[in-house]
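Coordinate inspection notes
So the chains spell out like this:
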Amino acid sequence: MVFLTNGFRVVLGLPLEASPNTASDSSSGRNPRIASAPFHASAVQYAQPAKKKGTSLTPMRYRQGQTLRRKKKKTVERARPPAVGERKALRKRIVLSNPNALEVEMQDFSPETIIDARLRGAVLGVPVSMVDQLRAVQAFKPKQGWSIFRRPGTVMRQETLEMGRLVEKISGAGEASEKGKVVKRIITGLKGSGKTVHLLQAMAMAFLKKWVVITVPDARELVSGETGYTAIEGTNPPHYVQPNATSALLARTVEANNEVLSTLRVSQKHPALAGLTPSSTLADLAQLGFQDAAIAWPVFQALWAELIATAPAAGSEKDFQTRPPMLVAVDGLAHWMGESAYRASDFTPVHAHDLVFVQHFLSVLKNGEASLKNGAMLLYATSTSNNPSNYSLEIGLEQLAARQNGISPSSPEYPSPEAFSNADPRVLELFKPTEKTSSVLELQTIGGLTRDETRGYLEYFARSGLLREHINETWVGEKWSLSGGGIIGELEKLGRHVRKPAQSDSL
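Residues numbered from 1 in each chain as written. Predicted model: local features only at pLDDT ≥ 70, side-chain atom pairs only at ≥ 80, totals over all residues. Heavy atoms only, no water.

A word on the overall build of the protein chain. Along the backbone of the protein chain there are 14 helices and 14 strands. Relative to its full complement of 507 residues, the protein chain shows a buried share of 42%. Total accessible area on the protein chain is roughly 30,300 Å²; 52% of this is exposed by carbon and sulfur atoms. (Helix = DSSP H or I, 4+ residues; strand = E, 2+ residues; numbered from the N terminus. Buried < 20%, exposed > 50% of the residue type's maximum accessible area, 1.4 Å probe, protein only. Areas by Shrake-Rupley, 256 points an atom, 1.4 Å probe, with all protein chains shown as cover.)

Looking at the secondary structure, you find Ser147 in the loop between helix H2 (128-136) and strand S5 (153-155). With near-sequence residues (within four places) excluded, Ser147 lies in contact with Val95 and Asn98. (Contact = heavy atoms within 4.5 Å.)

By secondary structure assignment, the location of Thr281 is in the loop between helix H6 (258-261) and helix H7 (282-291). Excluding residues that lie within four positions of it along the chain, Thr281 makes contacts with Leu261, Ser262, Leu264, Arg265 and Val266.

Now for the sheet that holds strand S10 (residues 326-331). Read from one edge to the other, the open sheet built from five strands follows the order S7-S10-S13-S6-S14, with strand pairing classed as parallel. With partners counted over all chains shown, the strands left at the sheet margins are strand S7 (212-216) and strand S14 (441-446), one partner each. Direction aside, neighbouring strands of the sheet carry axes that sit 20 degrees apart on average. (Pairing = 2+ DSSP bridges. Axes fitted to C-alpha atoms, helices over the stretch in contact; angles between N-to-C directions.)

In this section: the packing of helix H5 (residues 243-256) against helix H8 (residues 296-307). Axis angle and axis distance: for two packed helices, these are the angle between their axes and the distance between the axes, and together they describe the pair. Two numbers describe how H5 lies on H8: the axes approach to 8 Å, and their chain directions differ by 40 degrees. When the interaxial angle is binned, H5 and H8 end up oblique. Remark: the crossing between H5 and H8 carries left-handed chirality. In this structure, H5 uses Pro243, Thr246, Ser247, Leu249 and Leu250 to contact H8, whose residues at the interface are Ala296, Trp297, Val299, Phe300 and Leu303. Taken together, the residues that form the contact of H5 with H8 break down as eight nonpolar, two polar and no charged. (Parallel < 35°, antiparallel > 145°, perpendicular 65-115°, else oblique. Left-handed = near helix turned anticlockwise from the far one by under 90°. Nonpolar A, V, L, I, M, F, W, Y, C, P; charged D, E, K, R; others polar.)

The element strand S6 (residues 182-189) is largely enclosed, with a buried count of eight among its eight residues. Across six bridges, the pairing between S6 and strand S13 (residues 376-381) is parallel. Bridge pairing links Val183 to Met377 in S13.

Looking now at the confidence of the model for the protein chain. Reading fine detail from the predicted coordinates is not recommended where pLDDT is low. Predicted confidence across the protein chain gives a mean pLDDT of 85, with 83% of residues reaching 70 or more. Across residues 13-30 the pLDDT falls below 50, and counting only partners more than four positions away or on other chains, this stretch makes 15 contacts in the model. (pLDDT = per-residue confidence, 0-100.)

It is worth spelling out helix H4 (residues 195-208) at this point. Along an α-helix, residues three or four positions apart point the same way, because every turn accommodates 3.6 residues. Its 14 residues give H4 an end-to-end C-alpha distance of 20 Å, which sits within 8% of 20 Å, the value for a rise of 1.5 Å per residue. Taken across its 14 residues, H4 has 11 buried, putting it largely inside the fold. (Expected span 1.5 Å × (residues − 1).)

To continue, consider unusual backbone geometry. A cis geometry characterises the amide bond from Asn236 onward to Pro237, with omega recorded as 0 degrees. Relative to the helices and strands, Pro237 resides in the loop between strand S8 (230-231) and strand S9 (240-241).

Attention shifts here to the environment of Trp475. Tracing the backbone through its elements, the reader meets Trp475 in helix H13 (residues 473-482). Between the C-alpha atoms of Trp475 and Arg455, which are 20 residues apart in sequence, the distance is 9.4 Å. Among all residues touching Trp475, those that are not within four sequence positions of it are Leu458, Leu467, Glu469 and His470.

Position of Gln144 among the secondary structure elements: in the loop between H2 and S5. The spacing of Gln144 and Val197 is 53 residues in sequence and 8.9 Å in space, taken between C-alpha atoms. The residues touching Gln144, leaving out its near neighbours within four places in the chain, are Ala139, Thr196, Val197 and Glu492. A distance of 2.5 Å separates the side chain of Gln144 from the side chain of Trp146, its partner in a polar contact. (Polar contact = N/O pair within 3.5 Å; in protein donor to acceptor, adjacent residues only side chain to side chain.)

Viewed as axis vectors pointing N to C, H2 and H4 meet at an angle of 120 degrees, and their least axial separation amounts to 11 Å. When the axes of H2 and H4 are compared, the pair comes out oblique. For the crossing formed where H2 meets H4, the hand is right-handed. Of H4, the residues touching H2 (which contributes Met130, Gln133 and Leu134) are Leu200, Met203, Ala204, Phe207 and Leu208. Of the residues that constitute the contact of H2 with H4, the class distribution is seven nonpolar, one polar and no charged.

Right, let's get into the packing of aromatic side chains. In this structure the tally under the stated criterion is 10 aromatic pairs. Ring centres of Phe149 and Tyr460 lie 4.7 Å apart, and the angle between their planes is 35 degrees; on these two criteria the pair is classed as tilted. Of this pair, Phe149 sits in the loop between H2 and S5 while Tyr460 sits in helix H12 (residues 451-463); the two residues are 311 residues apart in sequence, bridging distant segments of the chain. Here Phe149 matches Tyr460 in class, with each residue buried. Judged by centre distance (5.1 Å) and plane angle (75 degrees), the rings of Phe149 and Phe461 are edge-to-face. Linking Phe149 in the loop between H2 and S5 with Phe461 in helix H12, this pair joins segments that are 312 residues apart in sequence. Each member of the pair, Phe149 together with Phe461, is buried. (Phe/Tyr/Trp six-rings, centres within 6.5 Å; stacked < 30°, edge-to-face > 60°.)

What follows covers the pairing of S13. Of all six residues in S13, six are buried; the element is thus mostly enclosed. Side chains of S13 alternate between two faces, with Ala376, Leu378 and Tyr380 and Met377, Leu379 and Ala381 buried alike. Here S10 pairs with S13 via six bridges, running parallel. Bridging from a neighbouring strand, Asp331 pairs with Ala381 of S13.

Quick look at the structure:
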């Protein structure tokens, strides 16, 4: 097909040619006009596409194989995974002796030394025969500095001497005897002030006086959902029992107090426990509970009834002996002041006070002196290293401190919960006094050591070979200030830092 445009002839698919009517000869001196077609249907380019780098267009030969080459991974020998419970055992491992430390001559805890005011500021050693008892009740904690000394020992501070005098009075010894008295205290203080060690000192004194020691070393384990629980039939609102936790409590109690429990015979009637005989001891009674966790809670109730008994049942008068006083120590009280990690059948949270294990020890703290006729000391400590924030507990302790300082509940200075704070009434009711109680719940705040007590404590570090400093009043005052006013946990950090003597430059 031919088109004519501007004097040129355009043939589709053919090159352009000049029209004969166009003056395009070379004699005119001008180049011929070259026109381009506005469109065409010919292929623009027939060239081969550009080759990509790294590719070969060589045709594959017949039956030519391609092999995928990979680098073989080296076989890595993996270590054996830890056994069940091995990590927890390592985390809770307690070392009470360091053979590299120097051996220090010091007096041990004894009925005479716990009330000797001349030993204030001195470090007393824990008797070797008592270490296993304190281990049984889990009085030692992993993060305490027991592993840096030759043997465990604690400093005699003012609070320790005061507690020793109370133990002496409740035991019925001395002129100012108060046999049968019940002392109830909540122990608070700053982190590192020695609250847990204060409980340990109380346990050591109770073992010396042949008391029965019952402890809850970590209150968190009872409400964190780590142990089994079951509802008690016929309770409204429903209450829950923890068989395994109760069985562990009975095991600790028997192991630590076997010397005392094995000499006391059963004096009350327990028809639900068929394994008892008239010649059974309290140690035999407690063993029924940790041998069979299903009956651990009834066994604990029976053991508690035996320990608070003041007279035998009919027919058991022959072998009845007077029951010794009791020491009940609980560490981490704040974990019991709210909802637990357990769930009811409708998936609502279970309050900690609905667990009968917790409910028992809290009821003893509130009005237990009515039944503790043989004398007792109840020490419930708060923990600042692992302490949940609980507004109701804070208000309850502030109200307790206000009443202890003589502030009436009707006074405007008396602390009360803020509006819309949703304070737990069950927690606040625990700290309110009742008319029936004869002994008053006390609040004891553990502070720092005095300067004299600080010097005696740091001298113990120097005699053990940990501290290489010349101890004088100026140096002690400096460390006392750096430790926040004698906080024993901070003093331990300062005392255990070993400084090497300066080396001479001339060799």
